[in-house]
Amino acid sequence: MNKIEHIGIAVKDLNRSNDLYEKLLAIPPYKEEVVASEGVKTSFFKTGPNKIELLTAIDNNGPIAKFLEKKGEGIHHIAFAVDDIVAEIQRLKKLGFTILNETPKKGADNKLVAFVHPKSVNGVLIELCQEISTN
Ligand code: ZN
């Protein structure tokens, strides 16, 4: 894994949280994006080399809705950038980690993503993400 690509934070109200993070970081979000397949709307902030992803539920049965219901707002996942997501999934699987989706799927911000179940990583949901090449 290369680096932490972003930290995902679950929020109840994306507009209000965008305002809050804009004040906190003194920059506006650089994009908002709906990922319909996950039932989420996201926004992204860049501060120095780091990114924050805010996520809110647009589908009451989606994973973010369930997370907010169970745990409330807060850190939802840590995402690591990888060069070869398929190889990384296989590597982690062999080591005994529980992979939530063994076939990478299209996530927000032009990424292929896969998730490692929090129960196999001390309660932290881990996202692997690989930039989708645009050439
Ligand atoms: Zn993410």
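Structure shown above.
Definitions and limits used
- Residues numbered from 1 in each chain as written.
- Predicted model: local features only at pLDDT ≥ 70, side-chain atom pairs only at ≥ 80, totals over all residues.
- Heavy atoms only, no water.
- Pairing = 2+ DSSP bridges.
- Helix = DSSP H or I, 4+ residues; strand = E, 2+ residues; numbered from the N terminus.
- Contact = heavy atoms within 4.5 Å.
- Axes fitted to C-alpha atoms, helices over the stretch in contact; angles between N-to-C directions.
- Donors = N, O, S within 2.8 Å, 3.2 Å for Na, K, Ca; no water.
- Tetrahedral: all angles 85-135°; square planar, octahedral: opposite > 155°, others 65-115°.
- Phe/Tyr/Trp six-rings, centres within 6.5 Å; stacked < 30°, edge-to-face > 60°.
- Buried < 20%, exposed > 50% of the residue type's maximum accessible area, 1.4 Å probe, protein only.
- Polar contact = N/O pair within 3.5 Å; in protein donor to acceptor, adjacent residues only side chain to side chain.
- Arc of directions from axis to C-beta.

Visitor: Sorry, what's going on with the sheet that holds strand β4 (residues 50-57) here?
Guide: Hydrogen bonds between backbone groups are what pair the strands of a sheet, and the pairing can be parallel or antiparallel. The 8 strands lie next to each other as β2-β3-β4-β1-β5-β8-β7-β6, forming an open sheet whose pairing is mixed. Every other strand in the sheet has two partners, leaving β2 (31-35) and β6 (105-106) as the edge strands with one partner each. With 6 bridges connecting them, strand β7 (residues 111-116) and strand β8 (residues 125-131) associate as antiparallel partners. Pairing of Val 116 across the sheet is with Ile 126, part of β8. The strands touched by helix α1 (residues 14-25) are β1 (3-10), β2, β3 (40-47) and β4; relative to β3, the strand with the most contacts, the crossing angle is about 5°.

Visitor: Which parts of the structure should I look at to understand the coordination of the zinc ion?
Guide: Each pair of donors in an ideal four-coordinate tetrahedral metal site encloses 109.5 degrees, whereas pairs in an ideal six-coordinate octahedral site enclose 90 or 180 degrees. Within the protein, the zinc ion binds to His 6 (NE2), Glu 53 (OE), His 77 (NE2) and Glu 127 (OE); these donor distances fall in the range 2.0 to 2.2 Å. Every donor counted, the 4 donor atoms about the zinc ion form angles of 81 to 160° at the centre, which fits irregular coordination. Positions of the donor residues of the zinc ion, expressed as sequence spacing, correspond to H-x46-E-x23-H-x49-E. Note that Glu 53 is positioned in strand β4 and Glu 127 in strand β8, a separation of 74 residues in sequence.

Visitor: Would you mind going over the pairing of β2 with me for this structure?
Guide: Working note: regular strand, side chains alternate between the two faces of the sheet. Bridge count between β2 and β3: 5 bridges; the pairing is antiparallel. The residue of β3 that forms the bridge with Val 34 is Lys 41. Hairpin connection of β2 to β3: 4 residues between the antiparallel strands, including Gly 39 at a positive phi of 70°.

Visitor: What is the right way to read the packing of aromatic side chains from this model?
Guide: Remark: the centre distance and the inter-plane angle together describe each pair of aromatic rings, the angle taken between the planes. Under the definition given, this model contains 2 aromatic pairs. Summarising the aromatic geometry, the rings of Tyr 21 and Phe 45 are spaced 6.1 Å apart at their centres and angled 45° between planes, so their arrangement reads as tilted. Separated by 24 residues along the polypeptide, Tyr 21 in helix α1 and Phe 45 in strand β3 bring together distant segments of the chain. For the residue pair Tyr 21 and Phe 45, the accessibility class agrees, reading buried in each case. For the pair Tyr 30 and Phe 44, a centre-to-centre distance of 6.1 Å together with 45° between the ring planes defines the contact as tilted. You can see Tyr 30 sitting in the loop between α1 and β2 and its partner Phe 44 sitting in strand β3, a full 14 residues away along the chain.

Visitor: Even after reading the chapter, I still don't get the side chain of Lys 51, so can you show me in this structure?
Guide: With respect to the element layout, Lys 51 can be found in strand β4. On the basis of relative accessibility, which here comes to 13%, the residue Lys 51 falls in the buried class. A distance of 3.1 Å separates polar atoms of two side chains, one belonging to Lys 51 and the other to Asp 109. Apart from the residues within four sequence positions on either side, Lys 51 is in contact with Glu 5, His 6, Ile 7, Tyr 30, Phe 45, Lys 46, Asp 109 and Lys 111.

Visitor: How should I be thinking about helix α3 (residues 85-94) in this particular structure?
Guide: For α3, the set of buried residues is Ile 85, Glu 88, Ile 89 and Leu 92. Axial view of α3: buried residues confined to an arc of 100°, hence all on one face. On its buried face, α3 sits against β7 and β8. Measuring from the backbone nitrogen of Val 86 back to the side-chain oxygen at the start of α3 gives 3.3 Å, which picks out Asp 84 as the cap. Phi turns positive, to about 100°, at Gly 96, one or two residues after α3.

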